[in-house]
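Inside the fold
Each chain, written out:
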Amino acid sequence: MAMFLKNRRFVLASAVAGALMFPIVAGAATLNVMQTEAPRSMDPGDQTATYTAALLDPMYEGLTKRDPDLSLKPALATEWSSDAAGLVWTFKLRPGVKFHDGTPFDADAVVKNFTRHLDTKRGLAASGRLRTFLEGVTAVDPMTVQFKLKTQYPAFLALLATGPCLMVSPAAETAGTIGSKAVGTGPYKLAEYKSGEYVLQTKNTEWWGGAPKGEDEIKWTWTPEPSVMNMALQTGDADVVNPFPAAFAQQIKANPDMTLSATDGSAVFWVSLNTKMKPLDDVRVRQALNYATDREGIVKAFMQGFATPANSPLAPVTPGYDKSLAPYSYDVEKAKQLLKEAGYPEGFSMSTIVQEQESRIGELLQAMWAKAGVKLEVRKMEGGVWSKAAFLDPAGKEKDTIGSSIASWSSGVNGADLQFRPLYHSKSASPAGANLGFFSDPKLDELIDKAASTLDEKARNAIYVDAQKLVNEQAPHVLLFTKQDLFATRAGVKGTWVIPGGLIIVKDARK
Amino acid sequence: MKAYIAKKLLALPLILIGVSLLVFVAIRALPGDPARLMAGPEATQEAVDNMTRRLGLDRSLPEQYASFAYGAVRGDLGISIKSKLPVVDEIAERLPFTLGLAITAYLLAIGIGVPAGMIAAIYRHGWPDQIVMILAIAGASIANFWLALMAMNTFSVQLGWLPLLGASSWRSFILPSITLAVLPTAVIARMTRSSMIEVMSQDYIRTAYAKGVAPQTIYWSHALRNALIPIITIVGLNFGSLVGGAVVTESVFNWPGIGRFLVDAVRYRDYPVIQGVTLVAVTGVVVMNLLAELLIAVLNPKIRFD
Amino acid sequence: MASIETEIAPRRRALSRALRWMAVHRSIALGGFLVGLIVPAAILAPLIASVDPYAQDLLATMEPPSWAHPFGTDDNGRDIFARVLYGARISLLEVVLSVGLAVIVGVPLGILSGMSGRYVDQAVMWVMDILFAFPGIVLAILIVSVLGSSLINLLIAIAIFSVPVYARLSRNLTLGLKSMDYVEAAISLGISRRRIMTHYILRNAIGPIIVQSTLTAGTVILSAASLSFLGLGAQPPLPEWGAMMSDGRNYLGLNIYMSLFPGLAIMITVLGFNILGDGLRDLLDPRK
């Protein structure tokens, strides 16, 4: 005990616990935002989770940005132009911008930001999507940068507003602290990050854009418990809850003190099948699993109807989505027949790994697939443990007998390439990318690469239709549904909006 | 008497050694490389090598245990895989919340259980006695987290009177401490009752009655003083059951104490934390048990725990 | 006429004698009744429940109690009544396995320790004290974190932390009996140790062991439910009562039935065992 009494943290925490006994007066105007998971990192270039991106959004900016109408506007760059071939892009940078730690924003900063992603030894989580098309970045003069692309990339400008392209302070980057201490150029800066508890952001009074329009402070908390999210909104402990649990959505709709927002989302939920593990290496088996899945049932039971059953690897909001595709109906007999053809008349056993929030999907599939003779073992894992397991290489997955993983992927409105490439391109096989099942089809790779460099939208979308058909047929995933973006706010909160995929924007919100 | 106390005090380090041995062996029993397990799946090879040296894996098993035990005594319980912070610090941050909850629960249990037990003893075989006994045995049979869920549903969600989870204000203490207090209250009530019944049938009490001493005086000054023994018994000897109850209660209410910390650590496979919290919790229980036994020995030399 | 009456009379007398016995020993009657409710329900579950407890009806999720579903349905559309009944089977299994294991390991250990020399006895009791020092749940969590989260591992862990009680109980009984005249006489007569242990000691120990078993049964069910509630025991889709309550937790405010009925089931079962144990203890207590 003695060691504890001397421990500074113990004394501090005792004071906190003791202070709980006395009512605390509410502080400055704070917008309380509650999400379902903790931030993975304070560095937007080293993570790919949508909700972390939402949390980092008020603090970081890119050369371009998205407006509420989803159009791209200048942000840290004031104007840009490209050469005729679309391979060399020149950007004029905004003057008078400083990072939160005082470092000036200039061409050098931009170059440093991009070179760290091009460095294959760094291993930053979000670099993958840049490396496919970016050749290099150079500073022409202190306020001008030039990008050299390997191939034409239609989604280039869109990408500049996201993740790896958001500008982090070169000083913090070099010091190696950027992962735990955010330093950007945005209208809010990091005030406090209490690991496991909350993130507090305060207004950046020196923001280049003038006075930030939102509240004085934004406080981010998180909980995996749906009932807590509901309660927090009811009591006013949270002003914004994202994503709002579908189970309680009807209650909120009926309540005048609260507002529910349900818009078309872009997060596609799927089961990634390990194509290197028997019997999932046989396409008939994979198709059988698709036939054995009652998508409507899952949408009703898991999402309370706030989702669309998936008929394509793309979300309906993504350009190129083909709504006429209808690859798999719910047909248990067909599933059994395919399994018999593949040599498994009695069915087989397999496992799936899933995070807490999606574990019910696993249970639903367990019962469904059992009807076709497939015995599914559902392994529930805590976030970090799941990430490790999901991104194992084939040998690792073989050793742990990981047959499949349940998760989702959203490419927002950044184009179909960002949905196809990370999930289905052979080069994206984990751990390098999110192709958790090691799917490899040269024809698909070709289609993806061709589409990525086709500037004509009509032609590009036509290629994507072929790609969708191929993915549907080869079934590396059991595609489940596309989730609507559900978020709820207290009735007085104005100015929140969401980028399809669940990326909530709160920096301009007032309550 | 002195021999008894000495024997008890000598037994303490032996038990603690045994406990730490068990924890040490349990973690070592995990399949795989202990260094990698302790460093975490995301650790670089360099970090794993450092851990190998730290754990002394190149030395013999007894030497490894020795360095582990020595480190524990000095306050070094390793580094949490999840937060990369020293386990001692993490525990220190959460311990006050658990202690606060435990103390509140005990105060509730004593405040309700003792009077209830007294009333039951005084009106023995009457309906107060029946009611207290029924409630007591029911209290010992309920899953306290079930009661917690029902209470949360009513008081937090439906009525909105109390906060649902976490430790945000003094109101947050109410449901968790009541939940944790259910079992100790039931046990204290029963023990107070039987202890008082036994005391009240003693000769010196009957003499006091005969002499005309007011019943209140009899109950409160004579009988209750002797009933203190069961209370100390419960608080001290059953501290272990309270710790166990705290683990579940904290998880239900998302209370930021060491109980929830332990459960989260298992889900996250944070072995240094599992090891550290277990050691701290069990050490606390053992010490409390010892204090209770010694106190009882002083108060009533006739009772011995062998 | 007379002969029939004399035929009936003894039976009636035996029945009234039994009823009077039960009225006096209320605890055993009540406890026995409750346990007697649960055990057949568990064994006959497939006959009583008309529905498969694992069958999901995704169009009828979270329904309140009705004729079709006496306890309502859960979030996956499964019948809660059927799941509670099958959960009784699991609870019964928990009791039999954990208590059984604890008795089989603990009692012989205790008797042997009591019969052995001072040093062996101290050593064994030292190990038992160490196990006993751990709060049950904490030790179970430690063991489960090593063995992995599953119902079987949980039951093994619970058995482990229950062993010391039986070991200590049997050891103390052994020490007490060892000094009794007739045992000492038996030893001096040269009767083998094994015979002494089984014939004299075990016979006397059975009563307290049974009493302790009923009390341990309650602890087993509560501990297993607690750990399954935390996700460290029974894994889905097993209809273990604690696990069912964990599912229900996500819907606080929306649906209370998913947590209400399994919890009630736990209470009735543990109450039954506790009351029964109390009654048996009073019956066997030489003080009365």
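Residues numbered from 1 in each chain as written. Chains lettered and ligands numbered in written order. Predicted model: local features only at pLDDT ≥ 70, side-chain atom pairs only at ≥ 80, totals over all residues.

Comments concerning the overall build of chain A
If you tally the helices and strands in chain A, you get 18 helices and 19 strands. Radius of gyration (C-alpha) of chain A: 24 Å, near the 24 Å computed for a compact globule of 511 residues. Relative to its 511 residues, chain A shows a buried fraction of 52%. When contacts within chain A are restricted to residue pairs at least 6 apart in sequence, long-range pairs at least 24 apart make up 69% of them. (Helix = DSSP H or I, 4+ residues; strand = E, 2+ residues; numbered from the N terminus. Rg over C-alpha atoms; globule rule 2.2 N^0.38 Å. Buried ≥ 20, exposed ≤ 12 C-beta atoms within 10 Å, placed from the backbone. Contact = placed C-beta atoms within 7 Å.)

Observations concerning the overall build of chain B
The secondary structure content of chain B amounts to 13 helices and 0 strands. Each helix and strand of chain B, placed in order from N terminus to C terminus, yields the pattern α-α-α-α-α-α-α-α-α-α-α-α-α. Burial statistics for chain B: of 306 residues in total, 48% are counted as buried. The contacts of chain B with a sequence gap of at least 6 include a subset with a gap of at least 24, amounting to 71%.

Examining the pairing of strand S4 (residues 77-82) of chain A
All names here are of chain A. Across 5 bridges, the pairing between S4 and strand S5 (residues 88-93) is antiparallel. Of the residues in S5, the one forming a bridge with Ala77 is Leu93. As consecutive antiparallel partners, S4 and S5 are separated by 5 residues, and within that stretch Gly86 has a phi angle of approximately 75 degrees, a positive value. (Pairing = 2+ DSSP bridges.)

Overview of the interface of chain A and chain C
When the parts of a complex come together, some accessible area is lost, and that lost area is often taken as the interface size. The partner chain C presents 17 residues to the 17 residues of chain A that form the contact. Among the elements of the structure, helix H8 (226-235), helix H11 (295-303), helix H13 (359-370) and strand S15 (374-381) of chain A are those that each provide at least two residues to the side of chain A that touches chain C. Here the side of chain A that touches chain C takes 5 residues from H13(A), the largest share from any one element. Taken together, the residues of the side of chain A that touches chain C break down into 7 nonpolar, 4 polar and 6 charged. (Nonpolar A, V, L, I, M, F, W, Y, C, P; charged D, E, K, R; others polar.)

Concerning the sheet that holds strand S7 (residues 144-149) of chain A
Residue and element names in this part refer to chain A. Strand order across the open sheet formed by 4 strands is S4-S5-S7-S6, with antiparallel pairing between neighbours. Both edges of this open sheet fall to S4 and strand S6 (134-141), since each of them pairs with a single strand only. Going from strand to strand, the sheet's axes swing by 20 degrees on average, the running direction of each strand aside. For S5 and S7, the ladder comprises 5 bridges, and the chain directions are antiparallel. The partner of Thr90 across the bridge, within S7, is Gln146. Across the sheet, helix H4 (residues 107-118) is in contact with S5, S6 and S7; its angle to S6 comes to roughly 165 degrees. (Axes fitted to C-alpha atoms, helices over the stretch in contact; angles between N-to-C directions.)

Here's the deal with the confidence of the model for chain A
Keep in mind that low pLDDT regions are not for reading the predicted coordinates in detail. Residue and element names in this part refer to chain A. Mean pLDDT over chain A: 88, with 95% of residues reaching 70 or higher. Mean pLDDT values over the elements of chain A span from 61, in helix H1 (residues 2-6), up to 95, in strand S11 (residues 240-241). Throughout residues 22-26 the model reports pLDDT below 50, and contacts reaching past four residues in sequence, or to other chains, amount to 3 contacts. (pLDDT = per-residue confidence, 0-100.)

Some details on the interface of chain B and chain C
Counting from both sides, the interface comprises 40 residues of chain B and, opposite them, 36 residues of chain C. The set of elements that each furnish at least two residues to the side of chain B that touches chain C consists of helix H1 (2-28), helix H6 (127-141), helix H7 (144-158), helix H11 (239-253), helix H12 (258-268) and helix H13 (271-299) of chain B. Looking at which element gives the most residues to the side of chain B that touches chain C, the answer is H7(B), with 8 residues. Split by residue class, the side of chain B that touches chain C holds 30 nonpolar, 9 polar and 1 charged.

Topic: unusual backbone geometry
Residue and element names in this part refer to chain A. Omega for the bond connecting Asn242 with Pro243 falls within 30 degrees of zero, at -5 degrees, which places this linkage in the cis form. Summarising the element assignment, Pro243 is placed in the loop between S11 and helix H9 (249-253). A cis amide bond links Lys278 with the next residue in sequence, Pro279, at an omega value of -10 degrees. Checked against the element boundaries, Pro279 lands in the loop between strand S12 (258-273) and helix H10 (283-291). Located in the positive-phi region is Leu70, a residue other than glycine, with phi close to 70 degrees. For Leu70, the location among the structural elements is in the loop between strand S2 (64-66) and strand S3 (72-74).

Looking at the packing of helix H4 (residues 80-115) of chain C against helix H11 (residues 257-284) of chain C
Residues and elements named next belong to chain C. Interaxial distance between H4 and H11 falls to 10 Å at its minimum, and their mutual angle equals 35 degrees. For H4 against H11, the interelement crossing comes out right-handed. In contact with Ile80, Val84, Gly87, Ala88 and Ser91 of H4, H11 contributes Tyr257, Met258, Phe261, Pro262, Ala265 and Thr269. A per-class count over the contact of H4 with H11 returns 8 nonpolar, 3 polar and no charged. (Left-handed = near helix turned anticlockwise from the far one by under 90°.)

Examining the environment of Tyr153(A)
All names here are of chain A. As for its position among the elements, Tyr153 is in the loop between S7 and helix H6 (156-159). Along the sequence, Tyr153 and Ser453 sit 300 residues apart, while their C-alpha atoms lie 5.1 Å from each other. Those residues within four positions of Tyr153 in sequence are excluded, and the remaining contacts are Phe133, Ala452 and Ser453.

Some details on the pairing of S6(A)
Alignment of S6(A) against S7(A), held across 6 bridges, turns out to be antiparallel. Paired with Asp141(A) across the two strands is Thr144(A), which belongs to S7(A).

Some details on the confidence of the model for chain B
Residues at a pLDDT of 70 or more form 91% of chain B, whose mean pLDDT is 83. Scored by ipTM, the complex comes to 0.87, with pTM at 0.82.

A look at the environment of Asp445(A)
Residue and element names in this part refer to chain A. Within the secondary structure layout, Asp445 lies in helix H17 (residues 442-452). It is 6.7 Å that separates the C-alpha atoms of Asp445 and Ser426, two residues lying 19 residues apart in sequence. Excluding its chain neighbours within four sequence positions, the residues that come into contact with Asp445 are His425 and Ser426.

Concerning helix H10 (residues 241-249) of chain C
With respect to burial, H10(C) is a largely interior element, 9 of its 9 residues being buried. Along H10(C), the residues classified as buried are Trp241(C), Gly242(C), Ala243(C), Met244(C), Met245(C), Ser246(C), Asp247(C), Gly248(C) and Arg249(C).

Details of the environment of Leu175(C)
All names here are of chain C. Tracing the backbone shows Leu175 in helix H7 (residues 151-178). The exposure class of Leu175 is partly exposed, given the 15 C-beta atoms found within 10 Å. Sequence separation between Leu175 and Ile201 is 26 residues; the distance between their C-alpha atoms is 9.6 Å.

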